[in-house]
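A look at the structure
Spelled out, the chains give:
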Amino acid sequence: MLDPFGLPDQVSHLEARLRQEQSGLEGLRAGVALSWYLRQRDTRRALALAAETQHRLALSSDVPPIERLRMTSRLCLTTAETYRLLARLEDAETAVREARDGFAAISDPTGQGDTETFMADLCTFKGDRIGQDHHLARAQGFFRAARDPVRLRCVEAWTARLETYANAAQAHQRWWNHLHRPDDVRHPAVLAQIANFEGGQCFQRSDFVGAIRHWQRVVEAATEVGHLWLAVNTMNVIGAAFANLHDYASAIEWKEKAHGLALDTGWPELMGSTLGSLAETTVALGQHDRARALFDRALEYLEPLARSRRYVITGIALGNLHLACGRHQEALDWFETARDTAVKLGHPDVELNAVRGTAEALARLDRPAEALVPARTALDRARQNDNRYQEIAVLRVMADIFRRLPPGPAVPDPASQATAHLECAIAIGETLEGYTVPAEILAELSADHEQRGDLTRALHYERRARQSFQEIYNQETNDRLLAAQLRFETQRAREEAEHLKALAQAETARAAMLDETNTTLELLGRIGQAITASLDTEAVFEALHRHMNELLHAPAMLIGLIDPTRQRLEMRFRIEDGRRLPPSTLALDDSISYSVLSVRENREVLLKRGRGVEEASHIPGTRAMLTMLFRPLAVGDRVMGVLSVQSDRPEAYGPRELQIIRTLGAYGAIALANAEAYRSLDAAVADLRDARGRLMQQERLASLGQLVAGMAREVAAPVGTVAGLAGFVTEEVGRLRTRAGAGPVPRPVLREFLDTVEESSRMMAGTARRVIGLLDAFHHVAADRGSDAAREIDLTDYLREVLATAEPLLRPAGLAVRLSGPEGVRITTCPGLLAQAVANLVQNAVDRVFPRADRGPGTDRGPGADRGKDGPGLSVTVTPAPDGGASIIVSDDGPLDGGPLDGSPLDDSPSQQGRAHFFEPLFAMPAPEAAPEALAPGGFDGDAGSLLDLQIVHAVVTGPLQGRMELGETGRGGPCVILHLPPAVSGAAALRSPRRPAA
């Protein structure tokens, strides 16, 4: 819910929100609230902000309909009040009608109550007392429905103050206890309105000191909530109260202060009222010409508001000035105008002054008979309102009228009537507590008695006049003393308030400094994380420059790094006024440069120069700087370079700035050291990556060479068989030809020959088909090994081909490979790399059983060769995975008669001792002393050579094949190696090819 006026913290918060959120729903809400709170703080800005927010609201499509109408209505009401303050009353009425209809459409009681409050204020300006009371009553009803105690109490106190003008006693009886309940609302706006009512009550009782004290509280509270209209008007009445205490200096001071604030607002009514009030006090000082000029200026401002109470009061004051200056007709005109307007306003106190002034002006115009009518009316009004002071003033005017009135049938003895009215005035004055009959009345009565020949009475009143003069003089002196005491109290209170304010400001500044320090430390911490997170030297330079300029004034900045090999300081980063300067170099033995001095001596150098002082170290083409700091960039005892921050302002770097530079310099040094270490590490990693790539290529070529060699040995036997059979057939054909040349060949011989040739041909054909099958498998596997391209394969079928090409490697070692797994397990992978991985696993087992040193070119078989495929060996199992991928499990089948394939339990194998690091590069697992012949898991050796094979397989599987490789154990406790392959290699297009039948 919007506050009636807005407290300072609320305004500051909205200002910040509006700067951050110019658009969107939150931005619109901030614009509506801020324009409402600024309507009296800064009227023209509030009007512009309301128009801008209204425009943005019309273009927005994400505002709910009810909230849109509420915002529109509030903006209209804000606009209406700004128009009223600027004296554009017709525009204000149009805007408030739109606001009233909008709030009524959505049944918003708070908005409806605010609208009624404004319309009551508008009626006051227009002089419509009945409408004013009607709207105030409706406003109270709406605020009760809205359960808004702040607004309700403000309107109640305002109503009580207005009723005080009509009848102070009745207003006190009706409102005093109600507005001073124990559970009263303590909002500053409420306190201001209640204090205003209290001040009015004191003023009506002529307790001017009490009124001033209450009204000073009004000014303080109204200023706090931005209710400047109330604050300035209250300053005016404070000045009037001081004038009633005959302290015209204080009266002028308060009224001039009020006028100064009114000029800042630009509100016509306020400027006019403050000028009129200032003119009244000037009249009391006898400065009639200045007073007339002030009244003329005041009426120019008040002309659009001719039906307001302020205009009537100003007109009456101007009429009194004309009377004092002898311009009786002008005075009469002003009094009559004021009287008519006061009647319409329903302000009897103002009307009484106007009627009394009319009677006095007519009397001085020698129209006493006419003057009697308004004088008697004024007397009746004063007696009806029980205003004894006004009654005394009217009786004195009537006495003057009777003195001017000639004797006639209606008034046969006017002089006695004059005397009677003055004696009546004196009698009333004697009944008033603390009132002294003015000496002027007593002197007039003395003169009247003297003229009638009653010298005794004349002497009596003359003596009383002298006594009254002395009493009034004493009273005025006492009033001035009270005013002086009040000024002293006010000044002391102001000084105490200023002292407390200064203490609060000092504490606030201290808290702000601590908060700023904490914020700076937190910011430096975040900046440090950002700087040290970068591993790029140029990025570190840019980050240091950017953050340095955010925290302090640094138009010039440079960073130099030491080149130890060349013994020089390379100024890689140089910037001035946002312009990057070319790099430069300095020798480390330079005797002029402060950068070199800071690096060489590893200390901070702070230079402060006056304007026009030339520096030998000044770099041509750059601006002269007045404050320069050079600080080594060091990590521990190692100095890496220098950071220089420079400003063209004198004394630019105090303790705060130096701490910031030191902190950022330390972060920068760490970041540059990290960047240097990263470059070295990156180079080493690149070398290792290249070495691994070369090693993998060599391994691939070696594997392919072994495959070719094994295939050559495998093909050599069947080809030799074909060649032998071909030679045998050739010999048989030669023998048959020789025999046929000798004579007819017997049929049995011919039949034997044909059987021999047929059997030989069948054997050659079978052997040739076997060779073709081997060559076909070799062709596909070899082609895959020569390429890293991905395609879709049937995993079981493909492994069958790969293992077929590995048989020449297995047979000399007496090993058999058993492949098991379902057909149709299709994945998209890199077949060549997969073949290499599987071949390396097989080769690892072969190398363990049949070392390369024991195999020569003529070695065809090894131990256990007679066992064939039914003997112990390796088992390769294909298992489909739930995600569409597959697993390949490679394990051994147990011991081979105590030979070198003797397995070892998993808990004695290297996988148990170093499983977490088994596949890391350069990892070597020493063989257990208790089992020197033990194998690595899956029958793979734990020596460095075999482990390197496994590490290459691990690199292939986890790298290009994008899978996983782990050590496991079989169901019978034996070790195994498990390759987990994904359904498809990401980023690779599967080349689908029809499945080839097995050869």
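As shown above, the structure is provided for reference.
The structure contained in this document is the topic of the report that follows. Starting afresh in each chain, residues are numbered from 1 along the sequence in its written order. Since the coordinates come from a predicted model, pLDDT governs what is reported: local features require at least 70, and pairs of side-chain atoms require 80 or more to be given and counted, while whole-chain, interface and lining totals use all residues. Side-chain numbers come from the whole structure's heavy atoms, not from hydrogens or water.

Where helices and strands are cited, they refer to DSSP runs of H or I of at least four residues and of E of at least two residues respectively, numbered from the N terminus. Counting its regular elements, the protein contains 31 helices and 14 strands. Between buried and exposed lies partly exposed: a residue is buried under 20% and exposed over 50% of the maximum accessible area for its type, with that area taken using a 1.4 Å probe on protein chains only. In the protein, which comprises 999 residues, the share counted as buried stands at 48%. In this description, contact between two residues means that some pair of their heavy atoms is separated by no more than 4.5 Å. Pairs at least 24 apart in sequence give 64% of the contacts found in the protein among residues at least 6 apart.

Quick look at the sheet that holds strand S11 (residues 873-880) now. Pairing between strands requires that DSSP locate at least two bridges from one strand to the other. Within the open sheet, the five strands sit side by side as S9-S11-S12-S14-S13. Their pairing is mixed. On the outer flanks of this sheet lie strand S9 (816-820) and strand S13 (964-969), each paired with one strand and no other. In this sheet, adjacent strand axes meet at a mean angle of 20° when their direction is disregarded. Pairing of S13 with strand S14 (residues 975-981) involves six bridges; the strand directions are antiparallel. For helices, the fitted line uses only the C-alpha atoms of the stretch in contact; every axis is such a line through C-alpha atoms, and the angle between N-to-C directions lies from 0 to 180 degrees.

This paragraph deals with helix H7 (residues 129-146). Take the residue count of a helix, subtract one, and multiply by 1.5 Å to get its expected span. With 18 residues, H7 extends 26 Å between its outermost C-alpha atoms, agreeing within 8% with the 26 Å of an ideal straight helix rising 1.5 Å per residue. Those residues of H7 lying buried are Arg 129, Gly 131, Gln 132, His 135, Leu 136, Ala 139, Gln 140, Phe 142, Phe 143 and Ala 146.

Here Gln 201 lies in helix H10 (residues 188-204). The exposure class of Gln 201 is buried, given its relative accessible area of 2%. Reaching out from Gln 201, the side chain makes a polar contact with the backbone oxygen of Ala 168 at a distance of 3.1 Å. Among residues more than four places away in sequence, those in contact with Gln 201 are Thr 164, Ala 168, Ala 171, His 172 and Trp 176. We call two N or O atoms a polar contact when they sit within 3.5 Å, provided that within protein one can donate a hydrogen and the other can accept it, with sequence-adjacent residues counted only if both atoms are side-chain atoms.

In this section: the pattern of salt bridges. Salt bridge criterion: a side-chain nitrogen from Lys or Arg within 4 Å of a carboxyl oxygen from Asp or Glu. As enumerated under the stated definition, the model contains 53 salt bridges in all. Between Glu 444 and Arg 403 there is a salt bridge whose closest N-O contact spans 3.3 Å. Within this pair, whereas Glu 444 is found in helix H22 (residues 439-452), its partner Arg 403 is found in helix H20 (residues 388-404), the two being separated by 41 residues in sequence. Note on Arg 403: relative accessible area 32%, which makes it partly exposed. The salt bridge partner of Glu 823 is Arg 800, with a shortest N-O separation of 2.7 Å. Taken together, the residues Glu 823 in the loop between S9 and strand S10 (826-829) and Arg 800 in helix H28 (residues 795-810) connect sequence positions 23 residues apart. The exposure class of Glu 823 is partly exposed, given its relative accessible area of 38%. On the basis of relative accessible area, Arg 800 is assigned to the partly exposed category, the value being 36%. Through salt bridges that share partners, Asp 366, Arg 396, Asp 400, Arg 403, Arg 404, Glu 444 and Asp 448 make up one connected network.

Moving on, we come to the nonpolar core. Residues grouped as a nonpolar core are buried Ala, Val, Leu, Ile, Met, Phe, Trp, Tyr and Cys residues, joined through side-chain atoms within 4.5 Å. With 59 residues, the main nonpolar core has Leu 34, Leu 77, Phe 118, Ile 212, Ile 238 and Phe 242 as its most contacted residues. Counting 45 residues, the second largest nonpolar core, distinct from the first, contains Ala 382, Ala 399, Val 411 and Leu 432.

Quick look at the environment of Arg 739 now. Checked against the element boundaries, Arg 739 lands in helix H26 (residues 655-742). Residue Arg 739 is classed as partly exposed on the basis of its relative accessible area of 42%. C-alpha of Arg 739 to C-alpha of Val 749: the two residues are ten residues apart in sequence and 9.9 Å apart in space.

Function-wise, these values are silent; they only describe arrangement.
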